[in-house]
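Each chain, written out:
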Amino acid sequence: MNYLERRVIHGVLLLAGVSVLCFAFGVMAPGDFFDEMKLNPQISPATVAALRSQYGIDQPLPLRYGRWVESVLRGEWGYSFAYNCPVRSLLMVRAGNTLLLTTLATLLAWLIALPLGVWTANRRGRWDDRLGLAGTTLLLSVPELVIALVLLYLAVRTHALPAGGMVSVGFGGLGKQAQLIDLASHLVIPAATLVLASLPLLVRHIRASVLEVLQAPFVQAARAHGIGGARLLFRYVLPAAANPLSSLLGLSIGGLLSGSLLVEVITGWPGMGPLLLEASLARDVHVVIGAVMASTFFMIAGSMVADVLLVVLDPRVRLGST
Amino acid sequence: MRTVSGYSESATTRAQSPGAPGLLCARELTVCYASRGEPSSPALLGIDFDIAPGEIVGVLGESGSGKSTLALSILGLLPESADIAGSLVFEGKDLLRFDESAWRGIRGARIAMVFQEPGLSLSPVMRVGSQIAEVLRAHRQEGSNHRKLQVEAVLAEVGLTQVDRIYKAYSHQLSGGELQRVALSQALACRPDLIVADEPTRSLDGTRQKEMLDLLRETNRKFGCALIFITHNPGLLAGFADRVIVMYAGRIVEEGPVSRVFRRPLHPYTKGLLQLMPTSLQYAGRTRGQHLPVLPGTLTDDDHLSPGCSFASRCSARTQVCQTEFPAEVAPEKGRRVSCFNYEN
């Protein structure tokens, strides 16, 4: 069995384990979706009981888990009590929205962080490195909640950008190009928040990785052979720094579905965040489990991408170090 | 202050440095590492030496003697925190006035270096052959096909037979001896006039050490490139180097032809080092439980800053004057110099 097959099997087992735990905790938590109805004097206890048995909530835990697995295998991923539809169709739309936002933000964050990290590492201890360090420290200490609120405040004050939502009212009536512009303008605030929030950590990790390679004996040896400038950076330093950075990229990918939940709720982006929040509050158990499983899947996929990248980039991993 | 005036006096009175003037001349070379604005103890203190074209010069000293700083300053690779003064003239040009791009033209092309740990001095994620090709690429405008042929030729020159396998290998796939040869081939690629080798045999076992020394000697004869061989082991220099420079606490304490210095060392430090040299003869009569000889004491920062002779605290022959004054350099015979008040004892 080769390395990749082992990793895939490992990932599937992990998913199964997470599903059991998630299901157990979700179901064992006190209260269920229909508890709120009991407070309504117009709904008789008999109706509530009938609804509970209709949805199978009165069944014992293993049986419910079995039925859930069955529905997963059918491709429905359980049933949402609140939306009265299979979880899958619900999740697909929301996950798509989240991925649009987070993929864009992650891509942007890396595109900004990579040159910034490499630059500050090369300018270690100089004024621009210190400025970068101060900037990342400042950003690191500001919670993303505050960043989002400040951006929203600015948007509301200046009316330059829509504050919340994904598209404007009457989106359907717009032309293709206008639709794209509308969508992009709605993306700015949540995406900017995510970029600003993830930037400092990325920059610091990249700077540290590059710095470590810059101090490696083989970089000094290359300099001693008269290799310098861009050639040294691109041929010697960056390929060697790619090893730790591909793990970091795996983490970035792993967070694609779960890293933006709070920001989505604050900025009103109709992604997984608001859905998960509503579902948790309403005890819409299958939706919660579905969302958690989806983000677990991304975590596992992210680390797998990182592993594959490592194999591709590092001959020591690929060929086995002696 | 005292040491500086004492030193410049010696510089004027001492005899002309041995070795024909030529390739590399260092005068009053001083290097200080500043830490957080405060200057720390100097790593090199007014070093004078000459390297003639094609000769092999051994630099002998223990850790902290400044020999590695010397190597790095010859290649302009000192960290930015280092202050360097004096002059370092290579083929008539003062290297210390060079900017980074001028240095880049010298490094690898005219002055090359072989590092201590060949395994660490090669990039782990790049094929060995490409790394040698990179050296050529940095200094010559040639097509990549031509460059590949040159790399294969230089690999053959350093005695590697399986050229194809080595060319495609990564550093972790090669043995210590192969790595050292690859490192040497990188240094040799552009036919430099001077190779600085910093303990290149340290990571090799005895047999490989001997092979490496033979190879260095052979390349020195074949290409006529001068060699500065830095080591802490005097045993490697006997029968290998032409001249030896003995360093202690950032200064040259003794210099001369290897055969004469080793037969009759003048400085107490050189004497101590040579007595420590483990030879099979010495051990033949030794019984178990006897300790190996050691040079008492260690080199400390105080020794660097002492107004007197920096070896005084460890010297068995020290006198009153050794504590207060640095011994001026004298030339007891042609081609030799020593910094000691009591070298005749």
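A few points on the structure.

The rules behind these values
Residues numbered from 1 in each chain as written. Chains lettered and ligands numbered in written order. Predicted model: local features only at pLDDT ≥ 70, side-chain atom pairs only at ≥ 80, totals over all residues. Heavy atoms only, no water. Helix = DSSP H or I, 4+ residues; strand = E, 2+ residues; numbered from the N terminus. Buried < 20%, exposed > 50% of the residue type's maximum accessible area, 1.4 Å probe, protein only. Polar contact = N/O pair within 3.5 Å; in protein donor to acceptor, adjacent residues only side chain to side chain. 1 Å grid on protein atoms, 1.4 Å probe; cavity = no way out; pocket = protein on both sides within 12 Å on 5 of 7 lines; lining within 4 Å. Points joined across faces, edges and corners; volume = space filled by probe spheres on them. Nonpolar A, V, L, I, M, F, W, Y, C, P; charged D, E, K, R; others polar. Axes fitted to C-alpha atoms, helices over the stretch in contact; angles between N-to-C directions. Parallel < 35°, antiparallel > 145°, perpendicular 65-115°, else oblique. Left-handed = near helix turned anticlockwise from the far one by under 90°. Contact = heavy atoms within 4.5 Å. Core = buried A, V, L, I, M, F, W, Y, C linked by side-chain atoms within 4.5 Å. Pairing = 2+ DSSP bridges. Buried area = accessible area lost by both parts, 1.4 Å probe. Salt bridge = Lys/Arg side-chain N within 4 Å of Asp/Glu carboxyl O. Phe/Tyr/Trp six-rings, centres within 6.5 Å; stacked < 30°, edge-to-face > 60°. Lys NZ or Arg CZ within 6 Å of the ring centre and 35° of its normal.

Side note on the side chain of D50 of chain B
Residues and elements named next belong to chain B.
No. 1: Structurally, D50 can be placed in strand β2 (residues 38–51).
No. 2: Owing to a relative accessible area of 3%, D50 belongs among the buried residues under this scheme.
No. 3: Within the structure, D50 has its side chain in polar contact with the side chain of R27 (distance 3.1 Å).

Overview of empty space enclosed by the protein
Residues and elements named next belong to chain B.
No. 1: The final tally for this structure, using the stated rule, is four cavities of 30 Å³ or more.
No. 2: Approximately 80 Å³ is the volume found for the largest cavity.
No. 3: Looking at the largest cavity, it is lined by 13 residues, and the ones nearest its centre are P268, C309, C315, C322 and C340.
No. 4: Split into classes, the residues belonging to the lining of the largest cavity amount to nine nonpolar, three polar and one charged.

Overview of the packing of helix α4 (residues 128–139) of chain B against helix α7 (residues 176–188) of chain B
All names here are of chain B.
No. 1: Axis separation between α4 and α7 bottoms out at 8 Å; the angle between their running directions is 20°. Our classification of the angle between α4 and α7 gives roughly parallel. For α4 against α7, the interelement crossing comes out right-handed. Residue-level contacts link V128, Q131, I132 and V135 of α4 to V182, S185 and Q186 of α7.
No. 2: Of the residues belonging to the contact of α4 with α7, the class tally is four nonpolar, three polar and no charged.

Thoughts on the nonpolar core
No. 1: One finds L155, V182 and F229 of chain B to be the most contacted residues of the largest nonpolar core, which totals 98 residues.
No. 2: The element best represented in this core is helix α8 (residues 176–214) of chain A, accounting for 12 residues.
No. 3: Contacts of V182 of chain B, omitting those with residues within four sequence positions, involve L122, V128, I132, L155, L160, I166 and L174 of chain B.
No. 4: Counting 37 residues, the second largest nonpolar core, distinct from the first, contains L78, L95, I111 and V196 of chain B.

Digging into the layout of surface pockets
No. 1: Taken as a whole, the largest pocket spans an internal volume of roughly 1500 Å³.
No. 2: The residue inventory of the lining of the largest pocket, partitioned by class, reads 22 nonpolar, eight polar and nine charged.

Regarding the pairing of strand β6 (residues 111–114) of chain B
Residue and element names in this part refer to chain B.
No. 1: Burial along β6 is two-sided: I111 and M113 and A112 and V114, pointing in opposite directions, are all buried.
No. 2: Here β6 runs beside strand β7 (residues 194–198); their pairing, made up of four bridges, is parallel. Bridged to V114 within β7 is A197.

Describing the interface of chain B and chain A
No. 1: In this complex, chain B contributes 30 residues to the contact, which on the side of chain A involves 26 residues.
No. 2: Here chain B meets chain A over a buried area of about 2400 Å², counting both sides, of which 57% is carbon and sulfur.
No. 3: When residues of chain B are sorted by the area they lose upon contact with chain A, V125, E134 and H172 of chain B head the list and together hold 26% of the total.
No. 4: The interface formed by chain B and chain A includes four salt bridges.
No. 5: The partner of R126 of chain A in a salt bridge is E80 of chain B, and the shortest N-O contact between them spans 3.0 Å.
No. 6: If you look at where chain B meets chain A, you find six residue pairs in polar contact (both at pLDDT 80 or more).
No. 7: For the side of chain B that touches chain A, the secondary-structure elements that each account for two or more residues are α3 (100–106), β6, α4 and α7 of chain B.
No. 8: Sorting elements by how many residues they give to the side of chain B that touches chain A places α4 of chain B first, with seven residues.
No. 9: Of the residues contributing to the side of chain B that touches chain A, the split by class is 15 nonpolar, nine polar and six charged.

Describing α4 of chain B
No. 1: By the burial criterion, the buried members of α4 of chain B are V128, G129, Q131, I132, A133, E134, V135 and L136 of chain B.
No. 2: Residues of α4 of chain B that are buried make contact with α10 (229–254) of chain A together with α5 (144–157), α6 (163–168) and α7 of chain B.

A few points about the packing of α7 of chain B against helix α8 (residues 206–223) of chain B
Residue and element names in this part refer to chain B.
No. 1: Their axes nearest at 11 Å, the elements α7 and α8 cross at an angle of 20°. Between α7 and α8, the angle falls in the class roughly parallel. Crossing hand, α7 versus α8: right-handed. Along the contact surface, α7 presents G177, Q180, R181, L184 and L188, while α8 presents R208, E211, M212, L215, L216, T219 and F223.

Examining the packing of aromatic side chains
No. 1: The full count for this structure, using the stated rule, is 13 aromatic pairs over all chains.
No. 2: Both rings, one in F23 of chain A and one in Y65 of chain A, keep their centres 5.3 Å apart while their planes meet at 75°; by these two values the pair is edge-to-face. Of this pair, F23 of chain A sits in helix α1 (residues 3–28) while Y65 of chain A sits in helix α4 (residues 61–73); the two residues are 42 residues apart in sequence, bridging distant segments of the chain.
No. 3: An angle of 80° between the planes, with centres 5.0 Å apart, marks the rings of Y248 of chain B and F311 of chain B as edge-to-face. Remark: F311 of chain B occurs in the loop between α13 (301–305) and α14 (320–324) and Y248 of chain B occurs in strand β9 (residues 243–248); sequence separation between them is 63 residues. The same class applies to Y248 of chain B and to F311 of chain B, which are both buried.
No. 4: Members of the aromatic cluster, each reached through a chain of ring pairs, are F23, Y65, W68 and W77 of chain A.
No. 5: Taking the ring centre of Y167 of chain B as reference, the NZ or CZ of K148 of chain B above it sits at 4.9 Å.
No. 6: The ring of F326 of chain B has R251 of chain B lying over it, and the distance from NZ or CZ to the ring centre is 3.7 Å.

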